[in-house]
Amino acid sequence: MSTVNSTPQTVTFSGAGGITLVADEWNRGSAASADLPTVLMLHGGGQNRFSWKNTGQILADKGFHVVALDSRGHGDSDRAPGADYAVETLTADVMHVIDAIGRPVIVIGASMGGLTGILAAHRAGPEKVTRLVLVDVVPRFEKRGSARIRDFMFNHLHGFETLEQAADAVAAYLPHRKRPRSPEGLKKNLRLRDGRWYWHWDPAFMTKPGDDPQLRTEKFEQAAADLKIPVLLIRGKLSDVVSPEGVQHFLATVPHAEFVELSDAGHTAAGDDNDAFSDVVVEFVASRRNRY
């Protein structure tokens with residue numbers, strides 16, 4: 001496998017309805033990535049493309065062509081007209097990006113990005129999406145853990161006076177994660193407006209109309225069960241969003257899926273234990289075995 005020195009470039013894609021989506025891209029047009037898959041990375045709700053910075057760089061340094069996308073309403077991508085953040089629309093955005101990349105991709109999706117990835121892989125077919133990595137997400141996720149995420153997002157819609165306040169909020173939400181020495185890294189996730197720091201996602205994302213949870217779960221499960229590609233489920237052992245029972249149900253629904261649990265990670269597995277997470281991802285995406 002070739003090793004290259006790569007730094008990401010900021011690029012744009014056109015999503016559904018012409019919305020502009022921003023991404024970081026490594027190794028565009030690189031000869032080193034010609035015989036390796038493209039990896040498309042989809043973050044979770046309330047996050048952005050920088051969630052994948054370390055893993056994206058590791059994959060790029062091994063020669064992969066990597067695209068880490070800001071979903072609509074998140075990061076530097078456009079806010080959705082009419083607050084259209086339905087998963088079907090997010091999936092349509094991903095389909096546009098896959099078509100623009102113009103070669104088969106491996107999709108890695110966390111939480112919201114993983115559910116979107118299931119539908120995108122199902123819709124695109126195995127010729128366009130060749131593998132799927134789900135990061136601490138299954139269709140039957142735990143409502144208590146999901147509610148804790150929503151509470152964290154809702155409670156800080158009005159921003160913070162200082163970066164230290166934001167760091168305190170993150171530390172309280174992720175007590176298992178070692179707190180950084182400086183809160184400066186949060187500037188990737190916050191924007192300063194009128195003297196306050198706000199999370200860099202559209203608040204309307206939290207207030208959009210919902211749909212029938214049971215029908216949504218069944219849609220995701222059916223799409224996952226129909227996949228004819230290798231699937232890897234990664235769970236953080238400390239997660240309150242994906243339970244061991246949820247894992248077993250998913251593996252029974254998608255019997256050809258593989259499963260890895262990271263002992264020192266929670267729901268935000270890629271950031272909680274990035275070295276272990278990246279090792280698992282690299283092994284899966286680099287393997288040339290069919291696995292199915």
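Above this text sits the structure in question.
What counts, and at which threshold
Residues numbered from 1 in each chain as written. Predicted model: local features only at pLDDT ≥ 70, side-chain atom pairs only at ≥ 80, totals over all residues. Heavy atoms only, no water. Axes fitted to C-alpha atoms, helices over the stretch in contact; angles between N-to-C directions. Helix = DSSP H or I, 4+ residues; strand = E, 2+ residues; numbered from the N terminus. Parallel < 35°, antiparallel > 145°, perpendicular 65-115°, else oblique. Left-handed = near helix turned anticlockwise from the far one by under 90°. Contact = heavy atoms within 4.5 Å. Nonpolar A, V, L, I, M, F, W, Y, C, P; charged D, E, K, R; others polar. Expected span 1.5 Å × (residues − 1). Buried < 20%, exposed > 50% of the residue type's maximum accessible area, 1.4 Å probe, protein only. Arc of directions from axis to C-beta. Pairing = 2+ DSSP bridges. Right-handed = clockwise from strand over helix to strand, strands pointing away.

1. Here we look at the packing of helix H1 (residues 53–61) against helix H10 (residues 274–286)
So, point 1. Where H1 meets H10, the axes come as close as 10 Å, and the angle between the chain directions of the two elements is 40 degrees. Classified by the angle between their axes, H1 and H10 sit oblique to one another. Classified by chirality, the crossing of H10 by H1 is right-handed. Of the residues in H10, those touching H1 at Asn 54, Thr 55, Ile 58 and Leu 59 are Asn 274, Phe 277, Ser 278, Val 281, Val 282 and Val 285.
So, point 2. By residue class, the composition of the contact of H1 with H10 is six nonpolar, four polar and no charged.

2. Some points on helix H4 (residues 143–154)
So, point 1. Spanning twelve residues, H4 covers 16 Å between terminal C-alpha atoms, matching the ideal 16 Å at 1.5 Å per step.
So, point 2. Three or more residues of H4 are buried, namely Gly 145, Ile 149, Phe 152 and Met 153. Considered in projection along H4, the buried side chains sweep an arc of 100 degrees and stay on one side of the axis. Exposed side of H4, more than 90 degrees from the buried face: Lys 143 and Arg 144 are the residues found there.
So, point 3. For H4, the secondary structure elements touched by its buried residues are helix H5 (163–173), strand S8 (196–199) and helix H6 (204–207).

3. Overview of the pairing of strand S9 (residues 231–236)
So, point 1. S9 sits mainly inside the fold: six of its six residues count as buried.
So, point 2. Every second residue of S9 is oriented toward a common face, with Val 231, Leu 233 and Arg 235 on one face and Leu 232, Ile 234 and Gly 236 on the other, all of them buried.
So, point 3. In terms of strand pairing, S9 meets strand S10 (residues 258–262) through five bridges, oriented parallel. Across the sheet, Arg 235 pairs through a bridge with Glu 261, a residue of S10.
So, point 4. What joins S9 to S10 is helix H8 (residues 244–253), and the crossover it makes is right-handed.

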